[in-house]
Amino acid sequence: MITRKQLLALVGFVILGAIIIWIGRDDPSQRPKIEEQPPVQTPVTQPSTQSDFNQITLPHDDPEFPPGPGRELFLARCTVCHSLRYITMQPNFSKKVWAKEVAKMINTYKAHITGEEAREIINYLATVKGTDQDGASNSKLK
Ligand code: HEC
């Protein structure tokens, strides 16, 4: 049986809970007022014809590699990560140094180049940007 005291305590808790909920309620009249503003109309200017676009012609910056065996493979494999400037800005190297360079691209930077492809690329590089028997630079690049 619930005693009179317990009943009073229960009613007290219910009233207290109701008061707490009422205080914590979201009263719209207590919200900070935000002035409503009309949406800003930004004028959109659209080019009416193709000739409204400006055009610039960039200077030619692609190094020119002369034709020869391995050229296409070299252009395909060695432009994946960087521009050909990385190759043209080097001094002319012996075949041995080019072989080391290509091996570095494969082993260190994980270039996807097979052994057969590497040989072809090294031969091409040694031909167009190599050194002759006396170790003198022998560049065929334009
Ligand atoms: C998987 C990406 C990748 C491919 C493919 C790649 N390279 Fe590189 N290469 C790099 C990175 C990375 C560097 C170093 C960049 C730096 O140090 O700023 C680099 C630098 C170079 C340099 C500058 C000298 C040096 O050793 O840092 C040369 C020369 C070069 N690469 C040649 C080649 C040639 C030739 C090929 C084709 C056989 C090739 N790269 C393909 C990633 C690549």
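Remember, predicted model here, so these are calculated numbers, not experimental data.

Reading the values: the criteria
- Residues numbered from 1 in each chain as written.
- Predicted model: local features only at pLDDT ≥ 70, side-chain atom pairs only at ≥ 80, totals over all residues.
- Heavy atoms only, no water.
- Salt bridge = Lys/Arg side-chain N within 4 Å of Asp/Glu carboxyl O.
- Helix = DSSP H or I, 4+ residues; strand = E, 2+ residues; numbered from the N terminus.
- Buried < 20%, exposed > 50% of the residue type's maximum accessible area, 1.4 Å probe, protein only.
- Lys, Arg positive; Asp, Glu negative; His and termini not counted.
- Polar contact = N/O pair within 3.5 Å; in protein donor to acceptor, adjacent residues only side chain to side chain.
- Donors = N, O, S within 2.8 Å, 3.2 Å for Na, K, Ca; no water.
- Tetrahedral: all angles 85-135°; square planar, octahedral: opposite > 155°, others 65-115°.
- Contact = heavy atoms within 4.5 Å.
- Expected span 1.5 Å × (residues − 1).

Asks: An account of the pattern of salt bridges is needed here, citing residue identities and associated values.
Replies: Under the counting rule described, the total for this entry stands at three salt bridges. In this structure, R77 engages E117 in a salt bridge whose closest nitrogen and oxygen atoms are separated by 2.7 Å. Of this pair, R77 sits in helix α2 (residues 71-77) while E117 sits in helix α5 (residues 115-128), and the two are 40 residues apart along the sequence. R77 gets classed as partly exposed once you look at its relative accessible area, which sits at 28%. Residue class for E117 comes out buried when judged on its relative accessible area of 17%.

Asks: Describe the side chain of K129, listing the residues and the values that go with them.
Replies: With respect to the helices and strands, K129 occurs in strand β1 (residues 129-131). In this structure K129 is buried but unpaired, with E101 as the nearest side chain of opposite charge at 11 Å. A polar contact is formed between the side chain of K129 and the backbone oxygen of Q90, at a distance of 2.6 Å. A polar side-chain atom of K129 sits 2.7 Å from a polar atom in the side chain of N92.

Asks: Would you mind going over the coordination of the iron atom of the ligand in detail, with residue names and values included?
Replies: Distances from the iron atom of the ligand to its protein donors, H82 (NE2) and M105 (SD), fall within 2.0 to 2.2 Å. Each of the six donor atoms bound to the iron atom of the ligand contributes to angles spanning 87 to 179°, and the resulting shape is octahedral. Here M105 lies in helix α4 (residues 95-107) and H82 lies in the loop between α2 and α3 (85-88), a separation of 23 residues in the sequence. By relative accessible area, M105 is classed as partly exposed at 21%.

Asks: An account of the environment of L75 is requested, with residue identities and associated values reported.
Replies: Here L75 is to be found in helix α2. Between the C-alpha atoms of L75 and F65, which are 10 residues apart in sequence, the distance is 8.8 Å. In this view, L75 contacts F65 and L84; residues no more than four positions away in its chain are not counted.

Asks: So what's going on with helix α1 (residues 4-23)? Residues and values would help.
Replies: Taking 1.5 Å of rise per residue, 20 residues should cover 28 Å, and α1 covers 29 Å from first to last C-alpha, within 8% of that figure. α1 sits mainly on the outside: zero of its 20 residues count as buried.

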